[in-house]
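In case you want the letters, here they are:
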Amino acid sequence: MQFAQRLQPLNRNVFADMDRAKAQARKAGKEILDLSLGSSDLPVAPPILETIEKALGDRTTYGYNLFASTRFFRDAIATWYENRYGIPLNPETEVLPLIGSQEGTAHLPLAVMNPGEFALLLDPGYPSHTGGVYLAGGQIYTMPLTVENAYLPVLGDIPPAVVESAKMMVLSYPHNPTTATAPLSFFQEAVNFCRQHDIILVHDFPYHDFVFEGTTQPPSILQADKNKEIAIEFFTFSKSYNMGGFRTGFAVGNAAIIGALRQVKAVVDFNQYLGIMRGAVAALECDRAIVDDTIKTFQNRRDAFVAALKDMGWSVPTPTATMYVWAQLPPAWRNDSVKFATELVAATGVAVSPGAGFGKSGEGYVRFALVHDPDILQLAVQRLASFLIG
Ligand SMILES: Cc1ncc(COP(=O)(O)O)c(C=O)c1O
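Think of each chain on its own: its residues are numbered from 1, step by step along the sequence as written. Only residues with pLDDT of at least 70 get local features here, since the model is predicted, and only at 80 or more are side-chain atom pairs given and counted; chain-wide, interface and lining totals rely on the full set of residues. Values reported for side chains reflect all heavy atoms of the structure, with hydrogen atoms and water molecules removed beforehand.

Student: Account for the sheet that holds strand 6 (residues 200-204), naming residues and giving values.
Tutor: The seven strands are arranged 2-8-7-6-5-3-4 in an open sheet whose pairing can be described as mixed. A strand with exactly one partner marks an edge of an open sheet, and here the two such strands are strand 2 (95-98) and strand 4 (139-144). With direction set aside, neighbouring strand axes in the sheet form an average angle of 20 degrees. Pairing between strands is defined by DSSP: at least two bridges between them are needed. Strands here are runs of E lasting at least two residues and helices are runs of H or I lasting at least four, both read from the DSSP assignment and numbered beginning at the N terminus. When strand 6 meets strand 7 (residues 231-236), the two strands line up parallel, connected through four bridges. Between the N-to-C directions of two axes lies an angle of 0 to 180 degrees, each axis being a line fitted to C-alpha atoms and, for a helix, fitted only over the stretch in contact.

Next up, the structure:
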């Protein structure tokens, strides 16, 4: 059977390979310690769950939701966003509920790109950013991130011919997988660049709460584009509220870009279940201490994991943000992170994400997701030590 050519670039998926490697290791009797996925193991807070439970008992919540019936959610988002970032939003035109931010970022290229046009993406970067551009028939120009440049792209290095045909640029800070943060001054530079070249600026912002003690709160892209001329920003409930499986998020920003994405979504979905949207409002309105506790938990895990790695002789920079540790592999493994990850899981049951899965510039690294308590993380490091040192 012949399927659409647009699927071809999606055929090579390192994460699907890892999934298979994990399944094989499990079948072979290994106990899997899964540090490969950024899927939080922490519980959803009681006020959120109680709101959703209550909705489940209310049969008026069971139907389809057209745009108008999401107004209460959009109002809550606009209020939350303005309280937090000081920029008012029009809930009718500048806010859009999503079925997870991945859904939104992957659909956006269909709304804004013509086949053959370029998207400027971070390398390493989040795989669905790439996938969405391929589905829309776009071309990808990857902006390499290097430790020397603090994992920020060098906009002046993009060839003029690519800039000429670029339709959108995607940024995402705090950054998965490198854990880097970006200052507002960099966002201002990116906004000026995109404005000058008529490029839509996309900011995927799932880790807006995930910065640790001593690090300044990360800026929203709209703080650099206060009149919302060119930017759209994506938020999720998966990280701050541990609601990954509930599939809910939202986009805010330029009304025309939001409107275009809404047109695509009107074809493909009917919004999230009303009870989950109510739960998301409860999350936005919950006591900030609930989120702070989650961040503190991840900070403690970070400290335990980085210290354990150091004890076994693997020194990595201490991340200041996100739920990950981005680690350069020992020299013997530096040109094949996929081999490292697949052999590691087969030998020890410890699953990690190979850096190459996030793009060419990720080769030589692995990403650890801190989605277990410190004792499990320490056990994972013991197994890593036995794999590397014997
Ligand atoms: C950069 C980035 N964007 C999007 C997502 C997915 O978010 P959601 O669960 O809202 O689709 C993730 C999850 O790890 C992520 O790291």
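Next, the rest of the story.
Student: Residue-level account of the side chain of S172, with values.
Tutor: Of note, S172 is situated in the loop between strand 5 (166-171) and helix 7 (184-196). A distance of 2.7 Å separates the side chain of S172 from the backbone oxygen of D204, its partner in a polar contact. Under this definition, polar contacts are N or O atom pairs within 3.5 Å; protein pairs additionally need one hydrogen-donor-capable and one acceptor-capable atom, and for neighbouring residues in sequence, both atoms have to be side-chain atoms.

Student: So, the pattern of salt bridges: which residues are in play, and what are the values?
Tutor: A carboxyl oxygen of Asp or Glu within 4 Å of a side-chain nitrogen of Lys or Arg is what we treat as a salt bridge. Per the counting criterion, the structure on display carries 22 salt bridges. Residue D225 pairs with R195 through a salt bridge whose shortest N-O separation is 3.4 Å. With D225 in the loop between strand 6 and strand 7 and R195 in helix 7, the pair connects residues that are 30 residues apart, well separated along the chain. Note on exposure labels: buried denotes an accessible area under 20% of the residue type's maximum, exposed denotes more than 50%, and partly exposed covers the range between, all computed with a 1.4 Å probe on protein chains only. Taking relative accessible area as the criterion, D225 reaches 0% and is therefore assigned buried. Residues D303 and R302 are paired through a salt bridge, measuring 3.0 Å at the closest nitrogen-oxygen approach. According to the relative accessible area criterion, R302 is buried, its value standing at 9%.

Student: I'd like a rundown of helix 9 (residues 274-285), residues and numbers included.
Tutor: Taking 1.5 Å of rise per residue, 12 residues should cover 16 Å, and helix 9 covers 17 Å from first to last C-alpha, within 8% of that figure. For helix 9, a buried count of 10 out of 12 residues is recorded, marking the element as mostly surrounded by other parts of the structure. Every buried residue of helix 9 is accounted for by L274, G275, I276, M277, G279, A280, V281, A282, A283 and L284. Residue contacts are defined here by distance: any two heavy atoms, one from each residue, within 4.5 Å place the two residues in contact. Among the structural elements, helix 2 (46-56) and helix 3 (71-85) are those in contact with the buried residues of helix 9. The span one expects for a helix is its residue count, reduced by one, times 1.5 Å.

Student: Give a detailed account of a nonpolar patch on the surface, specifying residues and quantitative values.
Tutor: Exposure above 30% relative accessible area and the lack of any salt bridge qualify a residue for a patch; like charges then connect within 9 Å, and the nonpolar side chains Val, Leu, Ile, Met, Phe, Trp and Tyr within 5 Å. Using the Shrake-Rupley algorithm and a 1.4 Å probe, accessible areas are obtained, with residue cover drawn only from the displayed protein chains. Side chains of M1, F3, L7 and L135 sit close together on the surface and give an oily, nonpolar patch of about 490 Å² of accessible area. With respect to the helices and strands, the residue F3 is situated in the segment before helix 1 (14-27). You can call F3 exposed: its relative accessible area is 59%.

Student: An account of the pairing of strand 5 is needed here, citing residue identities and associated values.
Tutor: The buried fraction of strand 5 amounts to five of the six residues, a majority that puts the element mostly inside the structure. Summarising the sheet, strand 3 (residues 118-123) and strand 5 pair through four bridges and their orientation is parallel. Following the sheet pairing, F118 is matched in strand 5 by A166. When strand 5 meets strand 6, the two strands line up parallel, connected through four bridges. Paired with V170 across the two strands is V202, which belongs to strand 6. Here the term right-handed applies to a crossover when the path leading from its first strand over the helix to its second strand runs clockwise, the strands being oriented away from the viewer. Handedness of the crossover is the feature at issue here: the chain leaves strand 5, passes through helix 7, returns alongside strand 6, and the resulting connection is right-handed.

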